[in-house]
Structure formats: structure tokens, C-alpha cells
Amino acid sequence: MKEKAKIAVLVSGGGTNLQAIIDAEKSGLLKSGTVALVLSNKKDAYALVRAEKAGIETVVVERGDRATFEDRIVKELEKRSIDLVVLAGFMVILSKSFTDRFPNRILNVHPSLIPSFCGEGFYGLKVHEAALAKGVKVTGATVHFVNEIPDGGTIVMQKAVEVKEGDTPEVLQRRVMEEAEWKILPAACELVSKKITEEKK
Ligand code: GAR
């Protein structure tokens, strides 16, 4: 059997996207990669509980000085020979020196159709608030590779989601997660993991 790509999922909060990846691995949808590590910059992130329940190793790296923060993350990834880094609600903008270490090996999920409502300052609920304020009728989610430009790397997958009359940011966020994020993020993990395992052969 081919060796699976080793995935590290970086989180800061609730971890529903992490859960979608864990579930995809269980169901066999994600078969070319395995979640080997969940790393959080917040020690009370519920995502850590989800990881522990699934028997996945966890580590907390709290923010301090930016350079050492990123160095500490890199050490944790290298220690476990991680092949693919997945940002799943990781509310930190990574520097060029970090992203340059993993070209086309860092995925991020963003809750809009990039290039709309993205970049610095657009994260979490703020994205949906901006979409509703603009009055767009369609929004969605994007999975993209991460480079030094916030939300600026190559797009891997996108899925559109309808905005409905009377939506609140919370209602829209939930629909975008259910209909788009939780589908395209695991699918993108499989796509990139497969490529990595083929390159390893
Ligand atoms: C998700 O909607 C994700 O797309 C968003 O934060 C939420 C995290 O939820 N990420 C960003 O806005 C990044 N710019 P989760 O912790 O339940 O996966």
C-alpha cells in the first residue's frame, strides 16, 4: 500500500472544518492522506477536543513574538515529517518566510468566493456581514493554496451558496459551512494528498 500523506490541521476555534476532515478520513473519502497532528494557537479551542476524541495528537503553540511563534510551528511540523498543512479556521496570517517553506503544501479554507470579501480583516463572521451588507445574492467558499498574500494563493476549489432573504450573518455562515466548506475542504485535502503520494513514489 502507498504511504499516506501526513496532514497537520492548524486551528484556532470550534473546528467544524477539522471535524469534516476527520469524518472524511473515517468514511474513506479522504484516503490518500491522514491527519497526523492538530495544532492550535489557542489552548481552549474546541477543535482540540474534537482531535482528542478522534485519537489525533494535539499540540498548542501560543502566539508570542511572531518569528519564534512561526519557528515553533515549523519545528512541530518537521518533527512529524508533515507533508500537507491545512488551515481550518486558523486565525493567523503567516509570513512569507513561513509560506515559502511549504510551496503548494498549505491549504486554507475561506468562507467567500475569492476574490470577494477576502484579505486582511476578512475572517469568520465578518466575511458574511460584509457579503450581506453588499447585498450579494450568491456567496460561497474557497479552498486555496497559501502564499504570503492573505487569501491570495492559487485557488484549488470553490463552491457557490445562495444568499436567502432575511439571512443573518450567523445563518449564512452555517449554510456556507454546510453546503460548501465541509465539502470542498476534505475534497481538496484528498486531491492534494493524492498528488503528494504520487510524487513520493
Ligand atoms: C470557517 O468558516 C472558516 O472558513 C473561517 O473561520 C471559520 C472557522 O470555523 N476562516 C476564515 O475566515 C479564515 N480567513 P471552524 O473552526 O468551525 O472550522
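Residues numbered from 1 in each chain as written. Predicted model: local features only at pLDDT ≥ 70, side-chain atom pairs only at ≥ 80, totals over all residues. Heavy atoms only, no water.

Draft legend 1. Representation of helix H5 (residues 125–134) in the model. Along H5, the residues that are buried comprise Val127, His128, Ala130 and Ala131. Projected down its long axis, H5 shows its buried positions confined to an angular sector of 160°, all on one face. Buried-residue contacts for H5 involve strand S5 (106–110) and helix H6 (169–200). Immediately beyond the C-terminal end of H5, within one or two residues, lies Gly135, with a positive phi of roughly 80°. (Buried < 20%, exposed > 50% of the residue type's maximum accessible area, 1.4 Å probe, protein only. Helix = DSSP H or I, 4+ residues; strand = E, 2+ residues; numbered from the N terminus. Arc of directions from axis to C-beta. Contact = heavy atoms within 4.5 Å.)

Draft legend 2. Main features of unusual backbone geometry. Omega for the peptide link from Ile114 to Pro115 comes to 15°, which places this bond in the cis form. Along the chain, Pro115 falls in the loop between S5 and H5. Of note in this structure, Phe117 is not a glycine but carries a positive phi near 50°. Given the relative accessible area of 15%, Phe117 is considered buried.

Draft legend 3. Quick peek at the site of the ligand. Taken together, 14 residues surround the ligand, and among them Gly15, Thr16, Asn17, Gly124 and Glu181 come closest. Between the ligand and Gly15, the relevant distance is 2.8 Å, taken from an oxygen atom to a main-chain nitrogen or oxygen of the residue. Contact distances for the ligand include 3.3 Å between a nitrogen atom and a side-chain N or O atom of His110. A total of 450 Å² of accessible area belongs to the ligand in isolation, and the protein chains cover 92% of it. Put simply, the parts of the chain that give the shell around the ligand at least two residues each are helix H1 (16–27), S5 and H6. Looking at side-chain class alone, the shell around the ligand contains six nonpolar, seven polar and one charged residues. (Near = heavy atom within 4 Å. Polar contact = N/O pair within 3.5 Å; in protein donor to acceptor, adjacent residues only side chain to side chain. Areas by Shrake-Rupley, 256 points an atom, 1.4 Å probe, with all protein chains shown as cover. Nonpolar A, V, L, I, M, F, W, Y, C, P; charged D, E, K, R; others polar.)

Draft legend 4. Main features of the pairing of strand S1 (residues 5–11). Burial of S1 is extensive: six of the seven residues sit out of reach of the surface. The sheet contact formed by S1 and strand S2 (residues 33–40) spans seven bridges and is parallel. The residue of S2 that forms the bridge with Val11 is Ser40. Handedness of the S1-H1-S2 crossover: right-handed. (Pairing = 2+ DSSP bridges. Right-handed = clockwise from strand over helix to strand, strands pointing away.)

Draft legend 5. Quick look at the environment of Gly89. The topology assignment puts Gly89 in the loop between strand S4 (84–87) and helix H4 (96–99). Judged by its relative accessible area of 29%, Gly89 falls in the partly exposed class. Put simply, Gly89 and Thr16 are 73 residues apart on the chain and 8.7 Å apart in space, counted from C-alpha to C-alpha. Gly89 has contacts with Val11, Ser12 and Gly13, leaving out every residue within four places of it along the chain.

Draft legend 6. Spotlight on the pattern of salt bridges. Applying the stated criterion to the full structure yields 13 salt bridges. A salt bridge links Glu76 to Lys79; its shortest N-O distance comes to 3.3 Å. You can see Glu76 and its partner Lys79 sitting in helix H3 (residues 66–79), three residues apart, about one turn around the helix. For Lys79, a relative accessible area of 59% gives the class exposed. Among the ionic contacts, a cluster of salt bridges with common partners joins Glu57, Glu76, Lys79 and Arg80. (Salt bridge = Lys/Arg side-chain N within 4 Å of Asp/Glu carboxyl O.)

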